[in-house]
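Structure assessment
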There are 2 protein chains.
Amino acid sequence: MLEKYIAVAKGDKKADLVLKNATYVDVFCGKIRKGDIAVVGEKIVGVGKYEGKEEIDCSKLTVLPGYIDGHVHIESSQLSPEEFASLIVPRGTTTIIADPHEITNVCGTAGCEYISKASQNVPLDVKLQLPSCVPATPFETSGAILNGKDTAKNIIKDYIFGLGEFMNYPGVINCDPDVIKKLESAHTAGKVIDGHAPAVYGNDLNAYLCGGITTDHECVTGDEIEEKISKGMYVHIRHGSSTQNLGNAKHMTDANFRRFILCTDDRHAFDLKDKGHLDDALRKLVASGIDPVRAVTCATLNCAECYNLKWRGAIAPFYLADLVVVEDLRAFNAKYVFKNGKLVAKDGKPLFDTSKRYLPKSVLNTVHLKDVKPDDFKLTLKGTKAKAMTIEPGGVVTGCEIVEVESKNGDVVLENTDLLKLTVVERHKLTGNIGKALFKGYGFKGGAMGITIAHDSHNIILLGDDNESMAKAANRLKEIGGGMVVVDKAKGEVHSLTLDIAGLMSSRDADGLQRDSKALIELAHSMGVKREYEAFMSLAFLSLAVIPKLKILDTGLFDVEKFAFTDINA
Amino acid sequence: MLEKYIAVAKGDKKADLVLKNATYVDVFCGKIRKGDIAVVGEKIVGVGKYEGKEEIDCSKLTVLPGYIDGHVHIESSQLSPEEFASLIVPRGTTTIIADPHEITNVCGTAGCEYISKASQNVPLDVKLQLPSCVPATPFETSGAILNGKDTAKNIIKDYIFGLGEFMNYPGVINCDPDVIKKLESAHTAGKVIDGHAPAVYGNDLNAYLCGGITTDHECVTGDEIEEKISKGMYVHIRHGSSTQNLGNAKHMTDANFRRFILCTDDRHAFDLKDKGHLDDALRKLVASGIDPVRAVTCATLNCAECYNLKWRGAIAPFYLADLVVVEDLRAFNAKYVFKNGKLVAKDGKPLFDTSKRYLPKSVLNTVHLKDVKPDDFKLTLKGTKAKAMTIEPGGVVTGCEIVEVESKNGDVVLENTDLLKLTVVERHKLTGNIGKALFKGYGFKGGAMGITIAHDSHNIILLGDDNESMAKAANRLKEIGGGMVVVDKAKGEVHSLTLDIAGLMSSRDADGLQRDSKALIELAHSMGVKREYEAFMSLAFLSLAVIPKLKILDTGLFDVEKFAFTDINA
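In terms of regular secondary structure, chain A is built from 15 helices and 30 strands. The globule rule puts the C-alpha radius of gyration for 570 residues at 25 Å, and the 25 Å found for chain A is close to it. Each principal axis of the C-alpha distribution contributes one length, and for chain A these read about 90 × 55 × 45 Å. When burial is assessed residue by residue, chain A has 65% of its 570 residues classed as buried. In chain A, once contacts between residues fewer than 6 apart in sequence are set aside, the share between residues at least 24 apart is 69%. Roughly 19400 Å² of accessible area belongs to chain A as shown, and the carbon and sulfur atoms make up 49% of that amount. Each charge class in chain A was averaged separately, 70 positive and 76 negative side chains, and the resulting centres sit 3 Å apart.

Right, dumping it as structure tokens:
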């Protein structure tokens, strides 16, 4: 094969494809250059003067290396990998480092295998990290457990690129033996380990890094960034749907900018569709005053270097012909996208078939639940004072408020209060667990609503003011194999949307999902959910027991600051 | 093992070693910082506030990562790997990318194995490249041949780090099948390929790079550097004994400086002893106005990135504790050098035993020669006009001059001329080949002199004006198993110095070699070798048939520009 590349590069044979008279970004010298870009098979073979069997006039266009997303959970899009690719590839992303943390918490390594195999249907390189924290905490019931031994067994597999974000930083710092086993197995296998260490500094950070961890996407302050880079970490500039730190880019200097990379982490289908992916990050970075060539370097070469992706992330001979052709370096509108030398998207539309979806049984029908009855939702208090969870709009941190609440027949009375029952119904292991809490200020009335996305164990998170409606909601979610549901008691109606893949993602297309989601979200708001909340997605983090303050698990009410269960009775 | 690093990093246990109150270079942020550097075993575990079982006060000292030499032929030092290490480690070099091109041309892969095993005796990481061009040209007789098949067989070996500098750039550009086999085998093995492509530009450079070649240590102009970096190459800043391009450093910019690395290529024992190694390069770079932190980054992190040497080249948690402690960032005088966390040199002196030398039979007694007789050196011309080789002082490029010369008894008459016989006596395969040329202007008279270092096949290069002396010289070199020789006809004396390792290197210490070399060099000058030449080393390149213009091989006179043999008769 080398002969063919060399012969064309030398000029003895025509290239398969030439992007003629292109302006292109040279990420090595930080410059914008002009030339013909010659492609043979999946490789760029030269930049200079070339002729091709196919030629595309790029005299008014700018060519960039394909973007690399340094850290993303595909599941957060609520789309299948195929449909996810159909949204991000036309935006210019050609490689992602994907951590299937959510689906693995539901399906175990079958979730990893599914993402890997489904991704092979689309022109997107998915480098798959083995999730490191399944479950996220030992206090809840998840669909799967990956301990140190499981990690050692799986990390060596060819389709596993590295070990996913190590969120359990206390476990690293305190030398939890199972954590050490996970880290050591990744080292032995020579695989990269991603980090996640918000506000970890000083000697604690040194200890965390002695786990051999190399990246962080959680830092937000200049001091944190400076310390983490100086200690060898690559720092992500994140452009998720809710969690963003594009402002990190202003801490880039001439000396340290090679250690900054771009990622999206969690980005919803709606944002991917309406706003974009890394192209949107680049647009916003440039609008904020970051040099466009430097921004592109963060999205390409830097990320390739961080993850040791050789021959990727630049426009140069022998580099992979992953190319984005944009109109300019302000809007970053992708006119053409090439993956492995093939045109795969044009004018924002995918040119590849996304109708062929891989859907193994192992990720379907993942709501395992005995029939739930109205009485299962009775919440019995000892007295009239109880702890209630609260949540700020737009945030994931919860509060705790002591409230007065009456009871009748062994159940709380919610009429004429601003309170709801908030429950987590275990859906993996048929334990029958239902964790119960009071939830104040969300605004919903007259039935129940719920979703099978509930970080990170993804049980059913379900709220309501009527036990019968709550039982109906849970049973509907079981019936459809996961998704979102709203029960309107007055009308006697149950509305739902199916997330058939692990209860997290839809096997449908993004348009259909968006249309139906919007209708269900609108219904929830019409039943009182305050407009300042994201009706369903705000619920999805109420069970995430690693973020303060008060959280609800299938096993009960949890005080994150004390890292222990807590009594609802105040 | 991770537990131990983590516990110390966190501050729960004392470190093995702490460099207290150190000023240190942070190559990631390009800054100078202060702190305690804690070491456990072979790793740095943290920078901050630490206590150690052993503590060294560094309050008046600056700590740097150990230097990495990106490309070096140990053989050019004329020292064994052990003695070589004893000179460079105390200067601060802790890792080298070594290409045993010379010894492999003499001994085949036994030469590689020897360098690898001998290096295990010393605290220096030697990353060994498999030489790519053995022999350098197909026109001469070398001690070994490594063809594509041999390369494929050897490149996969664990002790082989990559493929050495691919000097045969015409072979790459013209798709020589054996060259392609070498390149492809290195790719398949996932190993790095070093480059060597002086003044290769444009589409030819693209073609060369499509061989998957990633470095170049031959460029000298700003345009060449810019083009090579923009096409993905790492560019070396070279500080050899005769070939230097420290000036390359002035072409570093904020955007491209990460692609510059330091190397020495060929550096003689005398220079290593008297001037230094990469420390001398750093000293000169800083004196020329290069920012010291940037210069250090080129000698450390950049090189580690280029060669994918993970956890090396920086002072940060989990990085290898290869550390140089200097008095300041101008003189770069190394007070302490640590390798894998152990103190291995102090105040410029090695603290390791260099008397234990690995000396396998496979690299000894490499002068294979039938007894040579005076008549073997007869040079018979057809007429009186002949081509003579000339050489400029300090250069390796030769010239061709047409001279008038008388003959008698079938041999040229050199009395009263400025001419010498210059011969290459084959010493590997008992072919009996003696290539003969005329050499003008060197100045030697009254005997013969020769050396078994003759690039790149390392036959015997031998000059003289007396056949009997020349035969004596050749036979002495055979007797001592290689080295340098001077025969004084008038005094009837034969003086020699032994290079017992492949006829290229001495198993003695540097001091002894330097003393005896100087005596022999002085003798050659006293017999007329003009002072502007390096008496022996200027000869060593007269057989290098890849550098213009006229060269002498064991097989005859060679016109490099025509890349063909040429008749001595003009």
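What follows deals with the sheet that holds strand 29 (residues 556-559) of chain A. All names here are of chain A. The antiparallel open sheet is built from 3 strands, whose spatial order is 28-29-30. The outermost strands of the open sheet, each flanked by one partner alone, are strand 28 (550-553) and strand 30 (564-565). For strand 28 and strand 29, the ladder comprises 4 bridges, and the chain directions are antiparallel. Residue pairing in the sheet places L553 in a bridge with G556 of strand 29.

What follows covers the packing of aromatic side chains. Two numbers describe a pair of aromatic rings. These are the distance of the centres and the angle of the planes. Tallied over the full model, the rule gives 28 aromatic pairs over all chains. Look at Y336 of chain A and F338 of chain A: their rings are 6.3 Å apart centre to centre, the planes differ by 40°, and that puts the pair in the tilted class. Given the relative accessible area of 1%, F338 of chain A is considered buried. When the centroid spacing of 5.8 Å and the interplanar angle of 75° are considered together, the rings of F28 of chain B and Y319 of chain B count as edge-to-face. One end of the pair, F28 of chain B, is in the loop between strand 1 (15-26) and strand 2 (31-40); the other, Y319 of chain B, is in the loop between helix 13 (301-306) and strand 14 (323-326), with 291 residues separating them in the sequence. Just as F28 of chain B is buried, Y319 of chain B falls in that class too.

This part covers the relation of the copies chain A and chain B. Between chain A and chain B, the superposition needs a rotation of 180° and an axial shift of 0.0 Å, giving an RMSD of 0.1 Å. This pairing of chains is accounted for by a two-fold axis. Ranked by how close their C-alpha atoms come to the rotation axis, the residues of chain A are headed by D254 of chain A, at 2.7 Å. The overlap is high: 100% of the interface residues of chain A also sit at the interface in chain B, so the same surface is used on both sides.

What counts as what
- Residues numbered from 1 in each chain as written.
- Chains lettered and ligands numbered in written order.
- Predicted model: local features only at pLDDT ≥ 70, side-chain atom pairs only at ≥ 80, totals over all residues.
- Heavy atoms only, no water.
- Helix = DSSP H or I, 4+ residues; strand = E, 2+ residues; numbered from the N terminus.
- Rg over C-alpha atoms; globule rule 2.2 N^0.38 Å.
- Buried < 20%, exposed > 50% of the residue type's maximum accessible area, 1.4 Å probe, protein only.
- Contact = heavy atoms within 4.5 Å.
- Areas by Shrake-Rupley, 256 points an atom, 1.4 Å probe, with all protein chains shown as cover.
- Lys, Arg positive; Asp, Glu negative; His and termini not counted.
- Charge placed at Lys NZ, Arg CZ, Asp CG, Glu CD.
- Pairing = 2+ DSSP bridges.
- Phe/Tyr/Trp six-rings, centres within 6.5 Å; stacked < 30°, edge-to-face > 60°.
- Least-squares fit on C-alpha atoms with pLDDT ≥ 70 in both.

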